[in-house]
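Reading the structure
One-letter residues, chain by chain:
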Amino acid sequence: DGLLYRWTGSAWRVQGNWSTTTTLGSSAASITISSIPTYLKNLRITWTLRSDLAATVGQFLYMRVNADASTNYRWAINQNVGGAVSGSVGNATTQMLIGVVPGASALANCFASGTIDFAGWNSPHATYLGQTFASQYMQDTSNYWTITGGGHWSQAGPYTSIILFPASASNFVAGSSITVTGSE
């Protein structure tokens, strides 16, 4: 696999940063990264995504940890949509709002980008995995959307997988990509 491993006295671990990238060759309803090492302290997801939702310029992007679809997520956001600033919160939701992606009505080849940061992926706190995020897409001077925020998933670790998916019954388009990088 091209990675350098070291023996900790009880397990083999990747030396340096752990990383994986998924780029879609065709449309998909979600992107799942599984088998994320539980010993990582910090985890970062960077992404460029676009959905195929018809007649939509932009839609929310969501995430689940360990495929949990129960009401264990809490989040708060600030957003700027075309110059109008607002905030929103979600309490006891079934997914974490983490950004925005353009839909089929956005300019051709316009993808959103963003980052999600987790501190404490290795479960140092009982029943709490916090994250912060920043997301944007800008297609021209009047159609732009930025969102920043954070939240947490209130379940005990170990944490091993992440699923990203667009709102509504839509798919990510081919070329959508996420990279997950972690460090001890």
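This text goes with the structure placed above it.
Owing to the predicted nature of the structure, the values given are computational and were not obtained by experimental measurement.

**As for the overall build of the protein**
For the protein, the helix and strand inventory stands at zero helices and 14 strands. Each helix (α) and strand (β) of the protein, taken in turn from the N terminus, gives the series β-β-β-β-β-β-β-β-β-β-β-β-β-β. Taken over C-alpha atoms, the radius of gyration comes to 17 Å for the protein, in line with the 16 Å a tight globule of 184 residues would show. Counting only C-alpha atoms, the protein reaches 55 × 35 × 25 Å along its principal axes. Within the protein, the fraction of its 184 residues that count as buried is 43%. Of the contacts formed within the protein by residues at least 6 apart in sequence, a portion of 75% connects residues at least 24 apart. With an accessible surface of roughly 8400 Å², the protein has 52% of that area assigned to carbon and sulfur atoms. Positive and negative side-chain charges of the protein, numbering 7 and 6 respectively, have mean locations separated by a distance of 8 Å.

**Digging into the nonpolar core**
Ranked by internal contacts, the top residues of the largest apolar core, which has 45 residues, are L43, W47, L49, F118, W121, I162 and L164. For this core, the leading source of residues is strand β9 (residues 96-102), giving five residues. Residue contacts for W121: discarding those within four places in its chain leaves I36, P37, T38, L40, K41, L43, V65, L129, Y159, T160, S161 and I162.

**Quick word on the sheet that holds strand β6 (residues 58-65)**
Strand order in this open sheet of four strands is β4-β13-β6-β9, and the pairing throughout is antiparallel. One side of each edge strand has no neighbouring strand; the edge strands of this open sheet are β4 (31-33) and β9. Averaged over all pairs of adjacent strands, the angle between their axes in this sheet comes to 25 degrees, without regard to strand direction. By the bridge criterion, five bridges tie β6 to strand β13 (residues 162-166) in an arrangement that is antiparallel. Note that in β13 the partner of V65 across the bridge is I162.

**Some details on the side chain of Q79**
Positionally, Q79 belongs in strand β7 (residues 73-81). Within the structure, Q79 has its side chain in polar contact with the side chain of W145 (distance 3.2 Å). Each residue touching Q79, except ones within four places of it in the same chain, is listed here: F60, A84, V85, S86, W145, T146 and I147.

**Let's talk about the sheet that holds β7**
Read across the open sheet, the eight strands follow the order β3-β14-β5-β10-β11-β12-β7-β8; overall the sheet is antiparallel. Only two strands of the sheet have a single partner each, and these edge strands are β3 (18-23) and β8 (84-93). The sheet shows a mean angle of 10 degrees between the axes of neighbouring strands, direction not considered. Bridge count between strand β10 (residues 112-119) and strand β11 (residues 129-138): six bridges; the pairing is antiparallel. Paired with S113 across the strands is Q136, a residue of β11.

Criteria and cut-off values
- Per chain, residues are indexed from 1 in the order of the written sequence.
- With the structure being a predicted model, the display of local features is reserved for residues of pLDDT at least 70 and the display and counting of side-chain atom pairs for 80 or more, all residues being used for whole-chain, interface and lining totals.
- Neither water nor hydrogens contribute to the side-chain values; these are computed over all heavy atoms in the structure.
- In DSSP terms, a helix is any run of H or I states spanning at least four residues, a strand is any run of E spanning at least two, and both are numbered starting from the N terminus.
- Put simply, the radius of gyration uses C-alpha atoms, and a globule should come to 2.2 Å times the residue count raised to 0.38.
- Exposure categories follow from relative accessible area, calculated using a 1.4 Å probe and restricted to protein chains: below 20% of the type maximum is buried, above 50% is exposed, and the middle band is partly exposed.
- By definition in these notes, contact holds between two residues if any of their heavy atoms fall within 4.5 Å.
- The Shrake-Rupley method, run with a 1.4 Å probe, gives the accessible areas here. Residue values count only the displayed protein chains as cover.
- Counting rule applied: Lys, Arg positive; Asp, Glu negative; His and chain ends not counted.
- Note that the charge is assigned to NZ on lysines, CZ on arginines, CG on aspartates and CD on glutamates.
- Here, nonpolar core means buried Ala, Val, Leu, Ile, Met, Phe, Trp, Tyr and Cys residues that are tied together by side-chain atoms lying within 4.5 Å of each other.
- When DSSP finds two or more bridges between a pair of strands, those strands are recorded as paired.
- As a rule, the C-alpha atoms of each element are fitted with a line to give its axis, helices using only the stretch in contact, and angles between N-to-C directions run from 0 to 180 degrees.
- In protein, a polar contact means a hydrogen-donor-capable atom and an acceptor-capable atom, both N or O and within 3.5 Å, with residues adjacent in sequence counting only if both atoms are side-chain atoms; elsewhere, any N or O pair within 3.5 Å suffices.

Distances and angles like these do not, on their own, reveal function.
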